[in-house]
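Listed here are the chains, written in short residue letters.
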Amino acid sequence: SAVISQKPSRDICQRGTSLTIQCQVDSQVTMMFWYRQQPGQSLTLIATANQGSEATYESGFVIDKFPISRPNLTFSTLTVSNMSPEDSSIYLCSVEDGGTTDTQYFGPGTRLTVL
Amino acid sequence: EDKVVQSPLSLVVHEGDTVTLNCSYEVTNFRSLLWYKQEKKAPTFLFMLTSSGIEKKSGRLSSILDKKELFSILNITATQTGDSAIYLCAVGAGGYQKVTFGTGTKLQVIP
């Protein structure tokens, strides 16, 4: 399975600022996914990021709030823009298992607290 | 809208007990059902099931899928304190590799 790292592992931010989360994979993957897990909740898919194309956002998530970059097959970033306390969550990136199954492997996550 | 429901929401057992976690789903164009264990932040993959009636087993954990009744169970035998975690069920369905996660079952194993 792929080895995935995320930076930062945690951060405390002020309302109105933005934070960019990085996700690095040790092998080339076609699809990368960004999830949010609010306190006490399950994982909600924010968007799917393919290299070389615009990210596909799920209902309720927009590019202006969560811009995503996918410059190559091993790296992606998610920015949480103009943050409010409601954005306090764990943000997780994941990658698909070789593109042939639904199995996804997750990075260690970023715990974001917005004051 | 795809729906994945897990039960119970939480469970407290003693070491050595056997537990059964449930996952039911309503989705369009089912592809697979997956189980994950989440201890801190990152979910770790346990099983993927695609066929009814075939048990997947790994040590003390096992899982089976019923595609007719639209549910799966995850069994953990001889539980240990290290099994304490949130267990997530997810279903892959639809036109691309999207999976929908359930709300999870929080399992606490006490000595």
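Residues numbered from 1 in each chain as written. Chains lettered and ligands numbered in written order. Predicted model: local features only at pLDDT ≥ 70, side-chain atom pairs only at ≥ 80, totals over all residues. Heavy atoms only, no water.

Our next topic: the overall build of chain B. Secondary structure summary: chain B contains zero helices and eleven strands in total. Taken from N to C terminus, the helices and strands of chain B fall in the order β-β-β-β-β-β-β-β-β-β-β. By the compact-globule yardstick of 13 Å for 111 residues, chain B fits well, its C-alpha radius of gyration being 13 Å. Each principal axis of the C-alpha distribution contributes one length, and for chain B these read about 45 × 30 × 20 Å. The buried share of chain B, taken over its 111 residues, is 42%. The contacts of chain B with a sequence gap of at least 6 include a subset with a gap of at least 24, amounting to 55%. Put simply, chain B shows about 5,500 Å² of open surface, and 51% of that area lies on carbon and sulfur atoms. Of the side-chain charges in chain B, 12 are positive and 10 negative, and the distance between the mean point of each set is 6 Å. (Helix = DSSP H or I, 4+ residues; strand = E, 2+ residues; numbered from the N terminus. Rg over C-alpha atoms; globule rule 2.2 N^0.38 Å. Buried < 20%, exposed > 50% of the residue type's maximum accessible area, 1.4 Å probe, protein only. Contact = heavy atoms within 4.5 Å. Areas by Shrake-Rupley, 256 points an atom, 1.4 Å probe, with all protein chains shown as cover. Lys, Arg positive; Asp, Glu negative; His and termini not counted. Charge placed at Lys NZ, Arg CZ, Asp CG, Glu CD.)

Moving on, we come to the pattern of salt bridges. On inspection of all chains with the given rule, the structure shows four salt bridges over all chains. Among the salt bridges present, the one from Lys65 of chain A reaches Asp87 of chain A, with a minimum N-O distance of 2.6 Å. On the criterion of sequence distance, the pair formed by Lys65 of chain A in the loop between strand 6 (56-57) and strand 7 (68-72) and Asp87 of chain A in the loop between strand 8 (75-80) and strand 9 (89-96) is long-range, its members being 22 residues apart. By relative accessible area, Asp87 of chain A is classed as buried at 5%. For Glu39 of chain B, the salt bridge goes to Lys37 of chain B, with nearest N and O atoms at 3.9 Å. (Salt bridge = Lys/Arg side-chain N within 4 Å of Asp/Glu carboxyl O.)

It is worth spelling out the side chain of Gln6 of chain A at this point. All names here are of chain A. Its place among the elements puts Gln6 in strand 1 (residues 4-7). For Gln6, the side chain forms a polar contact with the main-chain nitrogen of Cys93, separated by 3.1 Å. Discounting chain neighbours no more than four positions away, the residues touching Gln6 are Ile21, Gln22, Cys23, Trp34, Tyr91, Leu92, Cys93, Gly107, Pro108, Gly109 and Thr110. (Polar contact = N/O pair within 3.5 Å; in protein donor to acceptor, adjacent residues only side chain to side chain.)

Put simply, the largest pocket is a space of about 450 Å³. Surrounding the largest pocket, 15 residues form its lining, Thr44 of chain A together with Glu1, Asp2, Lys98 and Thr100 of chain B being those nearest its centre. Going through the elements one at a time, strand 5 (44-50) of chain A together with strand 1 (3-7) and strand 10 (99-101) of chain B are the ones with two or more residues in the lining of the largest pocket. In terms of residue count, strand 10 of chain B provides more of the lining of the largest pocket than any other element does, three residues in total. Per-class residue counts for the lining of the largest pocket are seven nonpolar, three polar and five charged. As for the second largest pocket, its lining consists of 20 residues, and the residues nearest its centre are Gln37, Pro39, Gly40 and Gln41 of chain A together with Ile86 of chain B. Looking at the lining of the second largest pocket, the elements with two or more residues in it are strand 9 and strand 11 (110-114) of chain A together with strand 9 (85-93) and strand 11 (105-110) of chain B. In terms of residue class, the lining of the second largest pocket is built from six nonpolar, ten polar and four charged. (1 Å grid on protein atoms, 1.4 Å probe; cavity = no way out; pocket = protein on both sides within 12 Å on 5 of 7 lines; lining within 4 Å. Points joined across faces, edges and corners; volume = space filled by probe spheres on them. Nonpolar A, V, L, I, M, F, W, Y, C, P; charged D, E, K, R; others polar.)

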